[in-house]
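So the chains spell out like this:
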Amino acid sequence: MSRPLDLTIAIGGAAGQGIATPGNVLARIFARRGLHLYSYNAHQSIIRGGHILLMLRVGQTEVLSHGDRIDMLLCLNQDTMDRHLGLLGDGARALYNSDDIQPGEPAAGVHLCAMPVKQLTGDSKNKVIQNTLSLGVMMGLIRVDFDVLGKVLEQSLGKKGPEVVQENLSVARAGYDHAVSNFEPFPEPLPSGGKPLAVWAGNDAIAIGGAAAGVKFYAAYPMSPASGVLHWMAQNGRGLGIMVRQVEDEIGVANMTIGAAHTGVRAMCATSGGGFALMTEAVGAAAMMEVPCVFINVMRAGPSTGVPTKTEQGDLRQALGASQGDFERFIVAPLNALDAFNTMPELFNLVDRAQCPGILLSDLLISEGTFSVDPDRLNMHLEIDRGALIQDPSPNGDYHRYADTESGISPRVLPGHEGFVYTAATDEHDESGVLISDEFTNPFKRRQMVEKRARKFETVAQDVPAPKLEGAKKAEVTLVGFGSTYGVIKEAIARLAEHDVTANHLAIKWIVPFHVDAITAALAKAKKIVVVENNYTGQFAEYLRSQTGIAAHSHIRKYDGEPLTPRHIVHGVLDILSQETTVYVPTQEISV
Amino acid sequence: MSQATLEAKTVELPRKAASAKDFKGRVEPDWCPGCGDFGVLNALQRAVFELGLQPHQLMVVSGIGCSSNLPGYINANGMHTLHGRSLPFATGAKLANHELTVIATGGDGDGYGIGCGHFMHSARRNIDITYIVMDNQIYGLTTGQISPTSRLDMKTKSTPMGNLESPLNPLTSAIMAGATYVARGFSGDPKHLTELMKGAVKHKGFALIDVFSPCVTFNNDNDYPFFKARVKRLEDVGHDPSDWKSACERAMEWGDTLYTGLFFKTERPSLDGSEPVLQKGPGLARRPLGLTAEQAKSLKARMM
């Protein structure tokens, strides 16, 4: 029996060399074949030039990370060859344009696959034709029928006209034939998986989750790595009856979102840390006015402008402390793209029920990654619960919008109903909405309203599911992470078993509410707690300690802008076990 | 309660409010006696009454400042929001339910200082909102510092040796940014102001009314006598609001004569009027939530 498929294709080049297109073609081929996919694009904040490495990892079951091995590297420029050839191991293939690129000295067992591009593409004036040629070569190497590629090319290039299709087909064919006659293919042909899978980016998942949750208003100011949500909404919103607005700045975005939400729609906005900084005063406004709405922060490496195209989990404190004052907000860090999709309706139900803001923390790894997903696992009709919303009120003449109820939840009436007018204020107010901030401050009413808001949050927060310890009950090491590290930790744990290390996993998704009891119980018997996170100061470890009193034994922290790979965690755990290392900082193998 | 959708409600024909007093708020204003904002509030209550609106059809949105307390003093749906942010809130409200009449109110610091970016962009978008700025050329709630419309050399707590910065011109700024109804009123001339407000609310697009609304406590330069001696209605001198050049020239004048009235008016599609999502059906807030089976199917198909 052959080993299960675990193939990683990497395409390296400069921005502007058209890396995205072959990446998309490959993703489509694999997903249609029923193969699972996880891709990560290491890139820079540049439109032309720089260095990009797109890694596409394929398997027959769910792929948990982009991994740390390249089986087939397509070098679109000399730079890629120089940077990455040294990382290739036995059996890997390096494809390169032999007209322009000098191959380096490969490790034993690495196959250099020279492509004489000029000879094979004839007199094509198409500057990115070598990408099509390379796709043909790749299909030859992984032994996929040429027709599979042909069909995808026809489909993706169809709108450019028959001449373009024909040229690409013949060039791809030339590449395919060149590979078959000149190179040794991979020992196993690319298998087929189950039924065809869908492909999405994490930002698509967030946007589609929002649409499924009933979002009717989306506003944004463009900011990497959150712009994908805006692009999806702009492309699809109109057809779905969703108002999509690009606003002058994130302050306008956040306040417009709350204005729309107050008036009755489900509304959300997405940005990255810098934009979220501008939104934070509004987060408190939503809390004070008791307006349910969702803010999405797709984290990138900071502080300040930071590294716009690199990932980090550095905004946890920012989310916890967003806006002045003392108030409740939900904070959730989905574990992967599918989880982000499912979380959107869940979060909207929670904020609608508690009438307060919610913050979703994604990061570049999830949001800009491309993943396969089983279309049958996408429930587009998750329950919508708008909470205590009086749908069709009859006038009662004495409506108290902020009525102090037992649960703390004050039934809400949307603006526009006779007999139910009130002013929602960012100043402290009494049950009817009248200010108690200026002329007559009132300590008793102030206390009443603070406690009312806290109580309604507690009422609703009880329903948020607690995290569970995954893996072996007894383990030498318990790895704890939040958000996007879920997949890579899970994969690392499987690999640690090969090193005879038993590890289990506590993945935290809900930051607020934080399940202190469940987490304390889960960690009570842990022999060695290692917190894994993508930042320098250990924001999550500090939060864990502040909430539970539990101090991790050791930490694995990465803050160079690149995501963790399974190898980083495995090496970290082994180092911690043997050396008693307190903080292990993995070294990124290559500058990308 | 777990209602998945907001049911579209049968829209009743508007019953006219019985009197302007129907728009009296739950509490009395806490403005200083003699504050110009009283005149603005009265004019607004009269204007919406005379237009036949009912309180629940109206949404009044403000930022922060003395004048921004206005939503608390008028019986209508209200949002008393953050400093400088009335227009984004108001825009969100209008787009979420375009059946509401949306009026934003505030002061010169709120609108022309901290919120100036939103002012420019709201004008550019031509969103159907009436924006009433109670312009007293001073920061009152913070007890007397210069505002973006304070005159050069003005002495305040923050400029004890005199203001070095020239004032901003709200009217020409609004015209340049694309506002389609640009007027100036005086709280000491409430009848005139009421008519300007009625025109602004009826106008489909972004309407600015900059109102001379004297601060009797902190601005001794621009008090009632100052304005009374200078204010002149444009109607009395003959002005064509469709004449862009003349509108700008009149708006630039700042001397012995200060004009009030409708400076500029033009027709241009409003944002809510041209946004395709709003062209059919009730306000977004009254539409069913979530995806139809067909929409879900099509979204999935596009991902394959």
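Residues numbered from 1 in each chain as written. Chains lettered and ligands numbered in written order. Predicted model: local features only at pLDDT ≥ 70, side-chain atom pairs only at ≥ 80, totals over all residues. Heavy atoms only, no water.

A. Local environment of the sheet that holds strand β8 (residues 258-265) of chain B. Read across the sheet, nine strands follow the order β15(A)-β2(B)-β1(B)-β3(B)-β4(B)-β6(B)-β5(B)-β8(B)-β7(B) without closing on themselves; strand pairing throughout is mixed. Pairing within the sheet leaves two strands with one partner each, and these edge strands are β15 (423-425) of chain A together with β7 (231-233) of chain B. When strand polarity is set aside, the average angle formed by the axes of neighbouring strands in this sheet is 20°. As paired elements, strand β4 (residues 130-135) of chain B and strand β6 (residues 207-212) of chain B share six bridges and run parallel to each other. Bridging from a neighbouring strand, isoleucine 132 of chain B pairs with isoleucine 209 of chain B of β6 of chain B. Sitting on the sheet, helix α1 (residues 37-50) of chain B is in contact with β1 (58-62), β3 (101-107), β4 and β6 of chain B, with an inclination near 160° to β4 of chain B. (Pairing = 2+ DSSP bridges. Helix = DSSP H or I, 4+ residues; strand = E, 2+ residues; numbered from the N terminus. Axes fitted to C-alpha atoms, helices over the stretch in contact; angles between N-to-C directions. Contact = heavy atoms within 4.5 Å.)

B. Quick peek at the sheet that holds strand β21 (residues 554-557) of chain A. Residue and element names in this part refer to chain A. If you trace the six strands from one edge of the open sheet to the other, you get β16-β18-β17-β20-β21-β22, paired in mixed fashion. Since the sheet does not close on itself, it has two edges, and those belong to β16 (469-471) and β22 (583-584), each with one partner. Sheet topology places strand β20 (residues 529-533) next to β21; four bridges connect them, and they run parallel. Directly across from valine 532, in β21, lies its bridge partner isoleucine 556. Packing against the sheet, helix α17 (residues 539-548) makes contact with β17 (477-482), β18 (503-508), β20 and β21, and its axis sits at approximately 135° to β20.

C. Empty space enclosed by the protein, seen in detail. Residues and elements named next belong to chain A. The tally for this structure, following the rule as stated, stands at two cavities of 30 Å³ or more. Taken as a whole, the second largest cavity holds about 40 Å³ of empty space. Forming the walls of the second largest cavity are Ala287, Glu328, Cys356, Arg453 and Lys456. Looking at the lining of the second largest cavity residue by residue, the class counts come to two nonpolar, no polar and three charged. (1 Å grid on protein atoms, 1.4 Å probe; cavity = no way out; pocket = protein on both sides within 12 Å on 5 of 7 lines; lining within 4 Å. Points joined across faces, edges and corners; volume = space filled by probe spheres on them. Nonpolar A, V, L, I, M, F, W, Y, C, P; charged D, E, K, R; others polar.)

D. The arrangement of the pattern of salt bridges in detail. The tally for this structure, following the rule as stated, stands at 42 salt bridges over all chains. For arginine 446 of chain A, the salt bridge is made with glutamate 428 of chain A, and the minimal N-O distance between the two is 2.8 Å. Residue arginine 446 of chain A is found in helix α14 (residues 443-461), and its partner glutamate 428 of chain A is found in the loop between β15 and α14; the two are separated by 18 residues along the sequence. Overall, arginine 446 of chain A belongs to the partly exposed group, its relative accessible area being 41%. You can call glutamate 428 of chain A buried: its relative accessible area is 7%. Across the pair aspartate 128 of chain B and lysine 204 of chain B runs a salt bridge, and its minimum N-O distance is 3.4 Å. Taken together, the residues span a long stretch of sequence, with aspartate 128 of chain B in the loop between α4 (116-125) and β4 and lysine 204 of chain B in the loop between α6 (190-202) and β6 at a distance of 76 residues. Judged by relative accessible area, lysine 204 of chain B falls into the partly exposed class, the value being 41%. A single network of salt bridges, built from pairs that share partners, joins Asp6, Arg57, Asp68, Glu491 and Arg495 of chain A. (Salt bridge = Lys/Arg side-chain N within 4 Å of Asp/Glu carboxyl O. Buried < 20%, exposed > 50% of the residue type's maximum accessible area, 1.4 Å probe, protein only.)

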